[in-house]
Amino acid sequence: MYQIIFSINNNEEVAVLPAVPPDFGPELPQNNETYGGLSKDYNLLGTMGLWSFELSSIFPVGRRYAFMPPEASTDGWSYVEFFRRNRERRLPFQVIVLDGAGVCRLNSPCSIDSFAWSVKRNGDIAYSMTVREYRFVRGGT
């Protein structure tokens, strides 16, 4: 079972997602261009774009499901507040993806480009979000 963890400001606050969708993973674009030659087109390899992925799942409210990691909260509203509050702070998040053996498969700064939630009939919170790589701007080379 995979785990997805978000943190903010060097682990000032950490959120372990309670449920990981069965299928997820980043799209890894490359900014290639087509160059028109005299008799043919040529592919000019560009820089790597920003990866992104979408997540849709639930934040449980007041119940613990068997699939939840022990570190996950049963207070679904705390997750909504975590993402709302920290997006307003305009700080990048850190996303960490661990596989079933605890091996880190992704550890990167990111932004939450969109975040939507709705309350389900049973009181849990359904959500969807778009996560996109964040690159710090550096001077020099």
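This text follows the structure it describes.
All values derive from a computational prediction rather than experimental measurement.

Counting its secondary structure elements, the protein contains one helix and eight strands. Secondary structure of the protein in N-to-C order comes out as β-β-β-β-β-α-β-β-β. Relative to a compact globule of 141 residues, whose C-alpha radius of gyration would be 14 Å, the protein shows 18 Å and is clearly more extended. Seen along its three principal axes, the alpha-carbon backbone of the protein occupies a region of about 65 × 35 × 30 Å. Expressed as a percentage of the 141 residues in the protein, the buried residues total 34%. Summarising the internal contacts of the protein: among those between residues at least 6 apart in sequence, 56% fall at separations of at least 24. Of the roughly 9000 Å² of accessible surface on the protein, 51% is carried by carbon and sulfur atoms. A distance of 2 Å separates the average location of the 14 positive side-chain charges in the protein from that of its 15 negative side-chain charges.

The next point concerns the packing of aromatic side chains. Within this structure, the stated rule accounts for 17 aromatic pairs. Taken together, a centroid distance of 5.4 Å and an interplanar angle of 35° make the contact between Phe 83 and Phe 115 tilted. Taken together, the residues span a long stretch of sequence, with Phe 83 in helix α1 (residues 76-88) and Phe 115 in strand β7 (residues 104-119) at a distance of 32 residues. Taken together, Phe 6, Phe 59, Tyr 79, Phe 82, Phe 83, Phe 93, Phe 115 and Tyr 127 form an aromatic cluster joined through their ring pairs.

Now for the environment of Ile 58. In this structure, Ile 58 sits in strand β5 (residues 52-59). Given a relative accessible area of 16%, Ile 58 falls into the buried group. Counting along the chain gives 72 residues from Ile 58 to Thr 130, while the straight-line C-alpha distance between them is 15 Å.

Judged by pairing direction, the sheet is antiparallel, and its six strands sit side by side in the order β2-β1-β6-β7-β8-β5 without closing on themselves. One side of each edge strand has no neighbouring strand; the edge strands of this open sheet are β2 (13-16) and β5. Adjacent strand axes in the sheet meet at a mean angle of 35°, parallel and antiparallel pairs treated alike. In the packing of α1 onto the sheet, the strands contacted are β1 (3-8), β2, β5, β6 (93-98), β7 and β8 (125-133), and the crossing angle to β7 comes to about 105°.

Thresholds, definitions, all that
- Residues numbered from 1 in each chain as written.
- Predicted model: local features only at pLDDT ≥ 70, side-chain atom pairs only at ≥ 80, totals over all residues.
- Heavy atoms only, no water.
- Helix = DSSP H or I, 4+ residues; strand = E, 2+ residues; numbered from the N terminus.
- Rg over C-alpha atoms; globule rule 2.2 N^0.38 Å.
- Buried < 20%, exposed > 50% of the residue type's maximum accessible area, 1.4 Å probe, protein only.
- Contact = heavy atoms within 4.5 Å.
- Areas by Shrake-Rupley, 256 points an atom, 1.4 Å probe, with all protein chains shown as cover.
- Lys, Arg positive; Asp, Glu negative; His and termini not counted.
- Charge placed at Lys NZ, Arg CZ, Asp CG, Glu CD.
- Phe/Tyr/Trp six-rings, centres within 6.5 Å; stacked < 30°, edge-to-face > 60°.
- Pairing = 2+ DSSP bridges.
- Axes fitted to C-alpha atoms, helices over the stretch in contact; angles between N-to-C directions.

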